[in-house]
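Chain and residue survey
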Amino acid sequence: MTDLVDSTVSLIKEVSLRRATVADAEAIAAVRVESWQTTYRGMIPDTYLDQMRIEDSFLHWKQILEALPAAGDRVCVYVAESEGHIIGFASGMLLPEPKLGMRAELTAIYLRPVWQRSGIGRRLLQKVARTLQAQGADNLLVWVISGNAIARNFYEDLGATLLHEQAFTWDGIDLKEVGYGWRDLSVLMASVHAMPTSSAVH
């Protein structure tokens, strides 16, 4: 997989990050479904993953994107785009009430599998963090399925601290999740800048 990622990234002409629009809902849904079906094998039952439908996720994201103008920057969604195709996205929000001492939350971040480990995820996370920071957030929370070692390493490498572990239920499936947080967003920003990123990403 590493060779595949390296060869794909080497062929990137340009990856741009921008705010998501309602027109992106279907592409965002497709990225989410593909990411779940590859990332969560062994953590979530195959029967559930195999039955995931882009149409269902599309309706969810369409509602979120339609509500963005009214929410202002209290909620934000960014997409990563290459040659006209959305290859990843990230979203975040200010929390109505603090959780685990955190005032903002990274609510989603997904990339098509072949684009992972190319630095795009870090830049998407940075975009979300900067937007929420401008709205007054000085820290950030994210929840991860406990068995998702790749995601946990991603956040730990960027300076996140393990805050909490708990059981939760998703569509009738009993799972465990862990909460990570950056108590100081300047730590996250410094970690992103310290790690190399493809010059094609901007």
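In what follows, the accompanying structure is described. (Residues numbered from 1 in each chain as written. Predicted model: local features only at pLDDT ≥ 70, side-chain atom pairs only at ≥ 80, totals over all residues. Heavy atoms only, no water.)

1. Observations regarding the pairing of strand 2 (residues 75-82)
A large share of strand 2 lies buried, amounting to seven of its eight residues. Here strand 1 (residues 15-19) runs beside strand 2; their pairing, made up of five bridges, is antiparallel. Bridge assignment links Leu17 to a residue of strand 2, and that residue is Ala80. Here eight bridges tie strand 2 to strand 3 (residues 85-99), and the two strands are oriented antiparallel to one another. Looking at strand 3, one finds that Glu81 is bridged to Ile86. The hairpin turn running from strand 2 into strand 3, its antiparallel successor, is two residues long, and Glu83 in that turn takes a positive phi close to 50°. (Buried < 20%, exposed > 50% of the residue type's maximum accessible area, 1.4 Å probe, protein only. Helix = DSSP H or I, 4+ residues; strand = E, 2+ residues; numbered from the N terminus. Pairing = 2+ DSSP bridges.)

2. Examining the packing of aromatic side chains
Within the structure shown, the criterion is met by seven aromatic pairs. Ring plane angle 45° and centroid distance 5.7 Å describe the contact between Phe89 and Tyr110, whose orientation is recorded as tilted. Note that Phe89 is positioned in strand 3 and Tyr110 in strand 4 (residues 102-111), a separation of 21 residues in sequence. Just as Phe89 is buried, Tyr110 falls in that class too. Ring centres of Tyr155 and Tyr180 lie 6.5 Å apart, and the angle between their planes is 35°; on these two criteria the pair is classed as tilted. Of this pair, Tyr155 sits in helix 6 (residues 149-157) while Tyr180 is found in strand 7 (residues 173-182), placing the two residues 25 residues apart along the sequence. Comparing Tyr155 with Tyr180, the two get one shared label, buried. By the ring-pair criterion, three or more aromatic residues cluster together here, those being Phe154, Tyr155, Tyr180 and Trp182. (Phe/Tyr/Trp six-rings, centres within 6.5 Å; stacked < 30°, edge-to-face > 60°.)

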